[in-house]
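What the coordinates show
Here's the letter readout for the chains.
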Amino acid sequence: MLQVFTGRSVQAARLLAPRSAVLVEAVRGRKSRTDPVAKSKEGRVKVPPPVDPVEMVVLKERYTEYQMIMKALRMEFKEEVLRKKYEEETGSLAEERTRQEAEEHRALMAWNNQENLRLLTVRMMRIQKENEEVERKKVEAALQREKEEQEFIKEKEREILELQEEAKNFITLENLDQRIEEALDNPKNYNFAIDKEGRVVKQTVLQ
């Protein structure tokens, strides 16, 4: 991006730029170098115009940016000229290189397609194994549930048999008199004391 510099800006840029040689001011009009100073300018002390530090920094940044842009443009133009010259001088070599690049591209595309096919096969095998593993776990879970159900049924059957066996000793209306007589003939004394180990240590005598 080109910037337009004012007279004051040019002076600031000159102050910032490194001086490599002594600059001689151009002579204006018909006055020669040997002519004396004009009477109206005798005793006058030249004071340079004040320079704004902020403006000076901005100008330096813009001038640096301008130099970079111009350098990039010159490099771009130079590269374009060299490229055109090279293409004109080595047209056949460029065609050969283009052909080789096309062949290399086709070879790489074929290798890429082959690699994609291999990865697809590997992925399909992995998915198949995962599905088989999921099915195997489902079958194992179903067998485990069936086994638990069988054990649950067996446990309930055992409890039913125990209840049926215990039911033989239940007191009913039919054996009520018989059980009363047996209780009277075989009295049991539940008035006893036991120690910490569960042994009977004291028991009263039935009257």
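All chains use their own residue numbering, which begins from 1 and follows the written sequence. The predicted origin of the model limits local features to residues at a pLDDT of at least 70 and limits the giving and counting of side-chain atom pairs to 80 or more, whereas totals for whole chains, interfaces and linings rest on all residues. Hydrogen atoms and water are omitted, and side-chain values are computed over all heavy atoms in the structure.

**Let's talk about the overall build of the protein chain**
Quick note on the threshold: What counts as a helix is a DSSP run of H or I of at least four residues, what counts as a strand is a run of E of at least two, and both are numbered from the N terminus. We call two residues in contact whenever any of their non-hydrogen atoms come within 4.5 Å of each other. Using a 1.4 Å probe, accessible areas were evaluated by the Shrake-Rupley method; residue-level cover was limited to the displayed protein chains.
Counting its regular elements, the protein chain contains 4 helices and 2 strands. Listing every helix and strand of the protein chain by position from the N terminus yields α-α-α-α-β-β. For the protein chain, contacts bridging at least 24 residues in sequence account for 36% of all contacts bridging at least 6. With an accessible surface of roughly 20100 Å², the protein chain has 57% of that area assigned to carbon and sulfur atoms.

**With respect to a nonpolar patch on the surface**
Threshold: Each patch is assembled from residues with relative accessible area greater than 30% and no salt bridge, linking like charges that lie within 9 Å and nonpolar side chains (Val, Leu, Ile, Met, Phe, Trp, Tyr) that lie within 5 Å. We count a salt bridge whenever a side-chain nitrogen from Lys or Arg sits within 4 Å of a carboxyl oxygen from Asp or Glu. Note on classification: 1.4 Å probe, protein chains only; a residue is buried when its accessible area is under 20% of the maximum for its type, exposed when over 50%, partly exposed between these limits.
On the surface, Ile171, Leu173, Leu176, Ile180 and Leu184 cluster together into a nonpolar patch covering about 550 Å² of accessible area. One can find leucine 173 in the loop between α3 (91-167) and α4 (176-185). Overall, leucine 173 belongs to the exposed group, its relative accessible area being 78%.

**Description of a negative patch on the surface**
Under the convention used in this document: Counted as positive: Lys and Arg. Counted as negative: Asp and Glu. His and the chain ends are not counted at all. By convention, the charge on Lys lies at NZ, on Arg at CZ, on Asp at CG and on Glu at CD.
Taken together, Glu146, Glu148, Glu149 and Glu151 make up a surface patch of like negative charges. Assignment of secondary structure puts glutamate 151 in helix α3.

**Notes on the confidence of the model for the protein chain**
How we decide: As a per-residue quantity, pLDDT reports the predictor's confidence and falls between 0 and 100.
Here the protein chain averages 81 in pLDDT, and 81% of its residues register 70 or above. Predicted confidence is poor over residues 1-6, with pLDDT under 50, and the contacts of this stretch with residues over four places away or in other chains come to 6 contacts.

**Digging into the pattern of salt bridges**
This structure, assessed with the given rule, holds 11 salt bridges. Arginine 136 is the partner of glutamate 133 in a salt bridge, and the nearest nitrogen-oxygen pair spans 2.3 Å. Pair noted here: glutamate 133 and arginine 136 are both in helix α3, with a separation of 3 residues, about one helical turn. Between arginine 199 and glutamate 197 there is a salt bridge; the shortest N-O distance is 3.6 Å. Per residue, the accessibility class of arginine 199 equals that of glutamate 197, and both read exposed. Within the structure, one salt-bridge network assembled from shared partners comprises Glu133, Arg136 and Glu140.

**Quick word on a positive patch on the surface**
Residues Lys31, Lys41, Arg44 and Lys46 make up a contiguous surface patch of positive charge. Take lysine 46: it is sitting in the loop between α1 (7-16) and α2 (53-89). Residue class for lysine 46 comes out exposed when judged on its relative accessible area of 65%.

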